[in-house]
Number of protein chains: 2
Amino acid sequence: MATDLDIARAATLRPIAEIAARAGIPDSALEPYGKYKAKIGPDFVAEASARPPGALVLVTGISPTPAGEGKTTTTIGLGDALNALGTKAMIALREPSLGPCFGVKGGATGGGHAQVLPMEDINLHFTGDFHAITSANNLLSAMLDNHLYWGNELGLDPRRVSWRRAMDMNDRNLRDCVVGLGGATQGVVREDGFDITVASEVMAVFCLARDLADLQHRLGRMIVGRRRDGTAVTASDLKADGAMAALLRDALSPNLVQTIAGSPALVHGGPFANIAHGCNSLVATRLALGLADVVVTEAGFGADLGAEKFLDIKCRLAGLNPAACVIVATVRALKMHGGVPKSALGAEDVAAVERGAANLERHVENMHKFGLPVVVALNRFDSDTPAEIAAVQAAMARHDTQAILCTHWSDGAAGAAELARAVQARIAAGAARFQPLYPDAMPLAEKLRTIAQQVYRASDIVLPAPAAQKLARWEAEGFGHLPVCVAKTQYSFSADPTLLGAPSGHSLPVRDVRLSAGAGFVVAVCGEIMTMPGLPRRPAAESIGLDAAGQIDGLF
Amino acid sequence: MATDLDIARAATLRPIAEIAARAGIPDSALEPYGKYKAKIGPDFVAEASARPPGALVLVTGISPTPAGEGKTTTTIGLGDALNALGTKAMIALREPSLGPCFGVKGGATGGGHAQVLPMEDINLHFTGDFHAITSANNLLSAMLDNHLYWGNELGLDPRRVSWRRAMDMNDRNLRDCVVGLGGATQGVVREDGFDITVASEVMAVFCLARDLADLQHRLGRMIVGRRRDGTAVTASDLKADGAMAALLRDALSPNLVQTIAGSPALVHGGPFANIAHGCNSLVATRLALGLADVVVTEAGFGADLGAEKFLDIKCRLAGLNPAACVIVATVRALKMHGGVPKSALGAEDVAAVERGAANLERHVENMHKFGLPVVVALNRFDSDTPAEIAAVQAAMARHDTQAILCTHWSDGAAGAAELARAVQARIAAGAARFQPLYPDAMPLAEKLRTIAQQVYRASDIVLPAPAAQKLARWEAEGFGHLPVCVAKTQYSFSADPTLLGAPSGHSLPVRDVRLSAGAGFVVAVCGEIMTMPGLPRRPAAESIGLDAAGQIDGLF
């Protein structure tokens, strides 16, 4: 069978200026990066983003399982199918992180006949955005430690530094370290650690900034640590915001690439979906909305995390009005939610599908709470039986929701045509009445409780006293209006990754809370959240290399 | 007075395809990075590099002083002047490191009317080469620690790991650290540290590789540490060389930019001139030689370090045959070598110039030992008096060498026209009889002694027993044929930075020796060598930012 890489290499790419022209982007606005990638300049971005917006369609998913769902391929397939039907559609996706490419995950550019290209470039350095973000993050660290070294005028407590260094690499050995060793001329000894770049607050700031000025403003207000009296020290106190913004200037211009079918896709920014909000840059989304009649975008993890944050953080902040939501599911994944182990997914099990459909139903109900019409995309596998498919469709009928079979992985745009027509119909009907889950004015703990009860169906939250005190302090400091970003396992509605299906009545244990003052949200850490992944025993990197023609082999 | 940035911004840049066409590079070979930068694809690079080479001219300098000499501006000015005279000339320079931009140094793209453009881009991320090198370096570290974590099959001694992590940042707090803290699931505790990216062996390998295959081969043979029995573990033992080469694939394509006058310039690679060899990539040099009649290139520091390494490491390795050498000096710097403090440089002092000229004379003699004809470029300052200039010219006449006044900083190409004519004459005379200083077969300690006695005019070297034992071991391991790369202060012929002028009879104290098995040289560390700089009390970063139009301010 052809691999994703085989299919990607067999595709004929069009010059990026041709893709840009289709999307209504003039040559003068393009900064080419090779023949098939381009950044779009800030003047045009500002002008186009001010136009009346197209319809925004969010692709999200059920609670993910090891069986795989195919959210990114569906986002791409839907965009391709809309274009094939004559709707002017644009795709907006996150940039992949370099780290996971060398671990187990492989690339993050779709798959089969629903891919964005050139896949090797996008998966490796692409246009350098993540390197710029890493540099900006680490410049702030260097300036912070330099400030301590030269006498610490700001009175920052070295034990209360919350700012960590970053690297775009899966490197567990950097999670916790002691820096500044070697004596008085070498630095200031303190505990530190590295997060993977996508977990840096700089990434979240980058993805929520409206423009360069807003970017610098948000960078400046990031809190790097506190004094002994508890007052905050910011990046702007360290005078680091200007140089950080300079490092990020070019990166903030969105990246244009193409799908195998030639649809224009903006691939820009990529924050973690746990300690951050998990969707592509606001700059790219707004540009796409200004250019296209329909914009198809994606949020990380399942709808309880990804969609909730997309709606309550990004859409709230930017005043975006999504028109519809697509929830991706597979029969195989629903069977796992129904209790079938991965090894037994090949056999028909209608009852398991029916049980597991509770997970999908819960997500559909949740999206309805936000006022969004839903279409379910059922990503077809060869092993799916008619009875299993019918069981999903029957469950969805109870929620007045269509579950549409999709085969874009093998068939490209044609495989998502029915899905595209259903989405077109929802947009045309104008049924969306988007509203965030909670008002800005609600107290922080109450916001967290609302998410837990309304979306996760927990009976309550468990908020330890130190966390509650932090929330109270931030409210006193003027951060009470911020939305809450929950970092919990993506595998369950609860904080227990083994509770599949649609659990309810659990309680949500909050381990810690963190303030992302620059990005503009409060993070509630529920359970163990990894901000620096490790490599497996046999990393994918061992098999990556160059073939005789200098092409990159081993990315998948 | 107009700053470098003012002059750079006032210049009208030509589309990079136009510059490429002038240099004989077809459109099909260009990978544009924006409108004014391009990488040149490997197929064309291979074809053009195989053509009969043009004449190679090395620009080097006297021992540097705080008064400044202007090596990069002279390299650019000479290239511009040769083109203005109708010689097809190309310039090959190092890429600047991001780190120093945020410290005190400012940019490294020339100055005045002798600059390569676009200066903000070249000084910041440029085409991402250094980020790729940083990533490759750190992927190797991550794979190494991951190997230890999963059971250490190779039997690497964690205390004997010599491979360090890298960051393109001035960050003293990362010089020495302890990584892998946090318990058994977090990693393996060991001492580590970060070097600035330009000090990484990956950078040296990158700059000495002939092509992608050679790059991967050299990466693979890099030694990352040793077992308890002392045997070496390499990057190839860790199976990291393929993925590292994949990360560096695009980076190895040389970068084309333009000077203010429109000359084509390849700016590619940039290893430190102390623990590495300090000149731009071999790939860029060979490409330029295939394209141009004259290639003007530069080596770091003074001729005792930069030129010696360019000749004994790079030219030896690649079979390059330089045609002439330009040594840059200023009256002001010679006065400092003659004992005048920086504060008194404004006053005429012919005797000091005569004393300080001994430094220049020594460098000229040294270049003659390599069989190279020399022209001295005397970078003119307003404060230079006719008597001082005459003193330099008289000293040079004793060595049958012209000292030519240059004003390219203020006058561009016209200010280096006389220098260019002198260089043309040396090339036309075909007087060069290049030979390296020592044969490959000479024992390592003897090579070091030869450099110390012939170039630095030391009476001998002081080689501690542990260092001598290492050299003996490496000879037994088959590394005895490698050249020696001396890391010592650039401010003096001796290892004492305060010994200006032309000291002799000193001894060269060797502190340590290191094996760069991938790059292919043995480093002799003489004195304190900094592989990770720090930031000053008031870093330049504090003044860097974006103006209202989104342009970068504060780079200089």
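Everything quoted here is computed from the prediction, not taken from an experiment.

Rules and cut-offs
- Residues numbered from 1 in each chain as written.
- Chains lettered and ligands numbered in written order.
- Predicted model: local features only at pLDDT ≥ 70, side-chain atom pairs only at ≥ 80, totals over all residues.
- Heavy atoms only, no water.
- Helix = DSSP H or I, 4+ residues; strand = E, 2+ residues; numbered from the N terminus.
- Rg over C-alpha atoms; globule rule 2.2 N^0.38 Å.
- Buried < 20%, exposed > 50% of the residue type's maximum accessible area, 1.4 Å probe, protein only.
- Contact = heavy atoms within 4.5 Å.
- Areas by Shrake-Rupley, 256 points an atom, 1.4 Å probe, with all protein chains shown as cover.
- Lys, Arg positive; Asp, Glu negative; His and termini not counted.
- Charge placed at Lys NZ, Arg CZ, Asp CG, Glu CD.
- Pairing = 2+ DSSP bridges.
- Axes fitted to C-alpha atoms, helices over the stretch in contact; angles between N-to-C directions.
- Least-squares fit on C-alpha atoms with pLDDT ≥ 70 in both.
- UniProt positions renumbered as here; feature names shortened; annotations may be inferred.
- Core = buried A, V, L, I, M, F, W, Y, C linked by side-chain atoms within 4.5 Å.
- Buried area = accessible area lost by both parts, 1.4 Å probe.
- Salt bridge = Lys/Arg side-chain N within 4 Å of Asp/Glu carboxyl O.
- Polar contact = N/O pair within 3.5 Å; in protein donor to acceptor, adjacent residues only side chain to side chain.
- Nonpolar A, V, L, I, M, F, W, Y, C, P; charged D, E, K, R; others polar.
- Domains from an automatic or database assignment.
- Expected span 1.5 Å × (residues − 1).
- Phe/Tyr/Trp six-rings, centres within 6.5 Å; stacked < 30°, edge-to-face > 60°.
- Lys NZ or Arg CZ within 6 Å of the ring centre and 35° of its normal.

Let us look at the overall build of chain A. Regarding its fold elements, chain A presents 19 helices and 26 strands. A compact globule built from 556 residues should have a C-alpha radius of gyration of about 24 Å, and chain A, at 23 Å, falls within 12% of that. By its C-alpha atoms, chain A is 70 × 55 × 50 Å across when sized along the principal axes. Taking all 556 residues of chain A together, 65% fall into the buried category. Here the contacts in chain A between residues at least 6 apart in sequence split such that 75% fall between residues at least 24 apart. Surface accessibility of chain A: about 17,800 Å² in total, with carbon and sulfur atoms responsible for 53%. Mean positive and mean negative side-chain charge positions of chain A (51 and 56 charges, respectively) differ by 3 Å.

Here we take up the sheet that holds strand 23 (residues 512-516) of chain B. Residue and element names in this part refer to chain B. Taken in spatial order, the three strands of this open sheet run 21-24-23, and their pairing is mixed. Strand pairing shows two members of the sheet lacking a second neighbour, strand 21 (484-487) and strand 23, which therefore form its edges. Geometrically, the sheet is characterised by an average inter-axis angle of 25° between neighbouring strands, direction not taken into account. The pairing of strand 23 with strand 24 (residues 521-525) spans five bridges and is antiparallel. In the sheet register, Asp512 faces strand 24, and the bridge partner there is Val525. Sheet strands touched by helix 19 (residues 465-476): strand 23 and strand 24. Its angle to strand 23, the strand with the most contacts, is close to 25°.

Take chain B, turn it by 180°, move it 0.0 Å along the axis, and it overlays chain A with an RMSD of 0.0 Å. Put plainly, the chains are arranged around a two-fold axis. Minimal C-alpha distance to the rotation axis in chain B is attained by Tyr33(B), lying at 2.2 Å. Comparing contact sets, 100% of the residues at the interface of chain B also lie at the interface in chain A, consistent with an isologous, same-surface contact.

A few words now on the UniProt feature "binding site: ATP" (unreviewed entry) in chain A. Residues and elements named next belong to chain A. Under the feature "binding site: ATP" (unreviewed entry), the UniProt entry names Thr65, Pro66, Ala67, Gly68, Glu69, Gly70, Lys71 and Thr72. Structurally, the position occupied by Ala67 is in the loop between strand 3 (55-61) and helix 4 (71-84). When neighbours within four sequence positions are excluded, Ala67 is seen to be in contact with Arg332, Ala333, Met336, Leu345 and Phe381.

All names here are of chain A. Across the five residues that make up strand 14 (residues 255-259), a large majority, five, are buried. In the sheet, strand 2 (residues 38-40) pairs with strand 14 via two bridges, with the strands oriented antiparallel. Residue Ala38 lies in a different strand from strand 14, and its bridge partner there is Leu256. Two strands pair when backbone bridges link them, and strand 6 (residues 114-117) and strand 14 are joined in this way by two bridges, in the antiparallel orientation. Bridge pairing in strand 14 places Val116 opposite Thr259. Sheet analysis places strand 14 next to strand 15 (residues 264-267), joined by three bridges and oriented antiparallel. Paired with Leu256 across the strands is Leu266, a residue of strand 15. Adjacent in sequence and paired antiparallel, strand 14 and strand 15 are bridged by four residues, among which Gly262 carries a positive phi angle near 90°.

On to the nonpolar core. Judged by nonpolar contacts, the single largest core of 330 residues is most densely connected at Ile25(A), Ile40(A), Leu360(A), Ile25(B), Ile40(B) and Leu360(B). Ignoring sequence-local partners within four residues, the contact set of Ile25(B) consists of Ala20(B), Leu30(B), Ile40(B), Phe44(B), Met90(B), Leu256(B) and Leu291(B).

The subject of this paragraph is the interface of chain B and chain A. Opposite the 69 residues of chain B that make contact, chain A presents 69 residues. Interface of chain B and chain A: buried area, both sides summed, is about 6,000 Å²; carbon and sulfur atoms make up 57% of it. Our enumeration of links across chain B and chain A arrives at six salt bridges. For the pair chain B and chain A, the number of links is 37 residue pairs in polar contact (both at pLDDT 80 or more). Those elements giving two or more residues to the side of chain B that touches chain A turn out to be strand 1 (30-32), helix 7 (129-149), strand 8 (165-167), strand 9 (177-179), helix 9 (212-221), helix 10 (241-248) and strand 25 (545-546) of chain B. Per-element tally for the side of chain B that touches chain A: the top contributor is helix 7 of chain B, with 10 residues. Looking at the side of chain B that touches chain A, its residues break down into 34 nonpolar, 19 polar and 16 charged.

Take the side chain of Glu69(A) next. Residues and elements named next belong to chain A. With respect to the helices and strands, the residue Glu69 is situated in the loop between strand 3 and helix 4. The side chain of Glu69 is buried and forms no salt bridge, while Lys71, the nearest opposite charge, is found at 6.7 Å. At 3.1 Å, the side chain of Glu69 forms a polar contact with the side chain of Thr65. When sequence neighbours within four positions are dropped, the list of residues in contact with Glu69 reads Ile62, Ser63, Pro64, Val328, Thr330, Ala333 and Asn379.

Turning our eyes to something else, we now look at the domain arrangement of chain A. Residue and element names in this part refer to chain A. Here chain A is partitioned into domain 1 (4-127 + 251-429), domain 2 (129-245) and domain 3 (444-526). Taken together, the contact between domain 1 and domain 3 spans 23 residues of the former and 24 residues of the latter. Interface area for domain 1 against domain 3, summed over the two sides, is near 2,100 Å², with a carbon-plus-sulfur share of 60%. Linking domain 1 with domain 3 are two salt bridges. A salt bridge links Lys488 to Asp304; the shortest N-O distance between them is 3.1 Å. Here domain 1 is connected to domain 3 by 10 residue pairs in polar contact (both at pLDDT 80 or more). Taken together, the elements giving at least two residues each to the side of domain 1 that touches domain 3 come down to helix 12 (303-318), helix 13 (331-337) and helix 14 (350-369). Each residue belonging to the side of domain 1 that touches domain 3 can be placed in one class, and the counts come to eight nonpolar, seven polar and eight charged.

Before going further, it helps to examine unusual backbone geometry. All names here are of chain A. Following Leu117, the chain continues to Pro118 via a peptide bond in cis, the omega torsion being -5°. Position of Pro118 relative to the elements: it lies in the loop between strand 6 and helix 6 (119-123). Look at Arg457: it is not a glycine, yet its phi comes out positive at around 60°. In this fold, Arg457 is placed in the loop between helix 18 (444-454) and strand 20 (460-462).

Right, let's get into the pattern of salt bridges. A full pass over the atoms with the stated rule returns 63 salt bridges over all chains. A salt bridge links Asp250(B) to Arg249(B), with the shortest nitrogen-to-oxygen separation between them at 3.3 Å. Assessed through its relative accessible area of 31%, Asp250(B) is described here as partly exposed. Among the ionic contacts, a cluster of salt bridges with common partners joins Asp145(A), Arg165(A), Arg190(A), Asp192(A) and Asp171(B).

Residue and element names in this part refer to chain B. With 13 residues, helix 17 (residues 417-429) should cover 18 Å at 1.5 Å per step; its first-to-last C-alpha distance of 18 Å lies within 8% of that length. Residues Ala417, Leu419, Ala420, Ala422, Val423 and Arg426 constitute the buried set of helix 17. Taken together, the buried residues of helix 17 touch strand 3 (55-61), helix 4 (71-84), strand 17 (322-329), strand 18 (374-379) and strand 19 (403-406).

Following the criterion strictly, the structure yields four aromatic pairs over all chains and no others. A centroid spacing of 5.6 Å and a plane angle of 55° characterise the contact between Tyr33(A) and Tyr33(B), whose relative ring orientation is tilted. Taken as a pair, Tyr33(A) in the loop between strand 1 (30-32) and strand 2 and Tyr33(B) in the loop between strand 1 and strand 2 (38-40) lie in two separate chains rather than in one. The exposure classification of Tyr33(A) matches that of Tyr33(B), with both residues buried. The lysine or arginine in question, Arg172(B), covers the ring of Tyr149(A), its NZ or CZ lying 3.6 Å from the ring centre. Its guanidinium or amino end placed over the ring of Tyr456(B), Lys488(B) lies 4.7 Å from that ring's centre, counting from NZ or CZ.

In this section: the sheet that holds strand 13 (residues 232-234) of chain B. Residue and element names in this part refer to chain B. Here we have three strands laid out as an open sheet, ordered 7-12-13, and antiparallel in their pairing. The open sheet has two edge strands, strand 7 (156-161) and strand 13, and neither has a second partner. Here the strands of the sheet are splayed against their neighbours by 50° on average, with no regard to which way each runs. Across the sheet, helix 7 is in contact with strand 7 and strand 12 (223-227); its angle to strand 7 comes to roughly 130°.

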